[in-house]
Amino acid sequence: IETESKGGHGSHHILFVLDDSGSMHCNWSGLVTAVKHYLSVRQGKGMRDLISIVIFNSTARVQCERMPLLECSRNLDSILRYGGGGTAFGPALRLSLDLLLKQNQDLPIAMLFMSDGGSGDGDQEMREIVSKFPHIKVDTMAFGNDADHGKLQTLANIASGTLRIGNFNLYV
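It should be emphasised that the depicted structure is a prediction, and the values quoted were computed from it without experimental measurement. Residue indices follow the written sequence of each chain, beginning from 1 at its first position. Local features are withheld for residues below a pLDDT of 70 in this predicted model, meaning they are given only at 70 or higher, and side-chain atom pairs are given and counted only at 80 or more; totals for whole chains, interfaces and linings count all residues. Hydrogens and waters are ignored; side-chain quantities use all the structure's heavy atoms.

Visitor: Lay out the environment of S11 in plain terms, naming residues and giving numbers.
Guide: By secondary structure assignment, the location of S11 is in the segment before β1 (13-19). Not counting the four nearest positions on each side in its chain, S11 is found in contact with R42, M47, R48, D49, L107 and P108. For this analysis, a polar contact is any N or O atom pair within 3.5 Å, provided that within protein one partner can donate a hydrogen and the other can accept it, and provided that sequence-adjacent residues contribute only side-chain to side-chain pairs. A distance of 2.8 Å separates the side chain of S11 from the backbone nitrogen of R48, its partner in a polar contact. Put simply, DSSP H or I for four residues or longer makes a helix, DSSP E for two residues or longer makes a strand, and each gets a number counted from the N terminus. By definition, residues are in contact when any of their heavy atoms lie within 4.5 Å.

Set out below in structure tokens:
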């Protein structure tokens, strides 16, 4: 996600929403690599981002909340633990909304939603996030050869965001 504003480079509250369902087993290392690279590039640019991470399968959990970028980078291996299970976008997006609502949003918000698709829900929750945070920047990122691009595109469209497929290094 490109988080530089037209007025210059700026720090953000970056919310990763990461799918660790059973179908992501073969793609988990690629997802972790993409997150690590993203944080490394942001750190290299001198950003003072705050990072939140929600990991989901059929349920969702907050792995870190508004953690300073450097601290998150240092602890990422213990934060990003694969779980397995079913896939449900609704609980992950609902938990993401709850996380955003309970904090003072003093920084612009960017959400990176990384998944292989495969869920029939989440549209309503994404609409609610956008209604409460109309300036949120959302990108969905498809992982795996069998990713459900249609569902991820739908979520991106709801938020006027972008579906990213392929080399995520280009979008930092």
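Visitor: Give a description of the pairing of strand β5 (residues 137-142) that names residues and reports values.
Guide: For each residue, the accessible area found with a 1.4 Å probe, counting protein chains only, is set against the maximum for its type, and the residue is called buried under 20%, exposed over 50%, and partly exposed in between. Most of β5 sits inside the fold, with 5 of its 6 residues counted as buried. At least two bridges found by DSSP between two strands is the condition for calling them paired. Across 6 bridges, the pairing between strand β4 (residues 109-115) and β5 is parallel. Looking at β5, one finds that M111 is bridged to V138. Crossover connection from β4 via helix α4 (residues 123-132) to parallel β5: handedness right-handed. On the question of chirality, the crossover connecting β5 to the parallel strand β6 (residues 162-165) by way of helix α5 (residues 149-158) is right-handed. Place the viewer so that the strands point away; then a crossover is right-handed whenever the path from the first strand over the helix to the second strand goes clockwise.

Visitor: Mind laying out the packing of aromatic side chains, listing which residues take part and the relevant values?
Guide: Between rings of Phe, Tyr and Trp, where Trp is taken as its six-membered ring, a pair exists when centres lie within 6.5 Å; planes separated by under 30 degrees are stacked, by over 60 edge-to-face, and by other angles tilted. Applying the stated criterion across every chain yields a total of 5 aromatic pairs. Taking 5.7 Å as the distance between ring centres and 85° as the angle between the ring planes, the aromatic pair formed by F56 and F89 counts as edge-to-face. Of this pair, F56 sits in strand β2 (residues 50-56) while F89 sits in helix α3 (residues 89-101), and the two are 33 residues apart along the sequence. Taken as a pair, F56 and F89 share a single burial class, namely buried. Members of the aromatic cluster, each reached through a chain of ring pairs, are F56, F89 and F113.

Visitor: So what's going on with the sheet that holds β6? Residues and values would help.
Guide: Here we have 6 strands laid out as an open sheet, ordered β3-β2-β1-β4-β5-β6, and mixed in their pairing. The sheet is open, and its two borders are formed by β3 (60-68) and β6, each paired with just one other strand. Looking at each pair of strands side by side, their axes are set apart by 15° on average, direction ignored. Helix axes use the C-alpha atoms of the stretch in contact, all axes being lines fitted to C-alpha atoms, and the angles between their N-to-C directions lie in the range 0 to 180 degrees.

Visitor: Could you give me a rundown of the confidence of the model for the protein, with the residues and numbers involved?
Guide: Regions with low pLDDT should not have their predicted coordinates read in detail. pLDDT is defined as a per-residue confidence score from the predictor, taking values between 0 and 100. Across the protein, the average pLDDT comes to 90, with 91% of residues at or above 70. Mean pLDDT per element in the protein: β6 is the minimum at 92, and α4 is the maximum at 98. Here residues 4-8 is modelled with pLDDT under 50, and outside its nearest four sequence neighbours on either side it reaches 4 contacts, counting other chains as well.

Visitor: Tell me about the nonpolar core, and name the residues and values.
Guide: Ranked by internal contacts, the top residues of the largest apolar core, which has 27 residues, are F16, I53 and L80. Put simply, the parts of the chain that give this core at least two residues each are β1, α1 (28-44), β2, β3, α2 (69-79) and β4. Residues in contact with L80, not counting those within four places in the same chain, are L18, W28, V32, V35, I53 and I55. What is meant by a nonpolar core is a set of buried Ala, Val, Leu, Ile, Met, Phe, Trp, Tyr and Cys residues, joined one to another through side-chain atoms within 4.5 Å. Within the second largest apolar cluster, 26 residues are counted, among which are V54, F89, L97 and L163.

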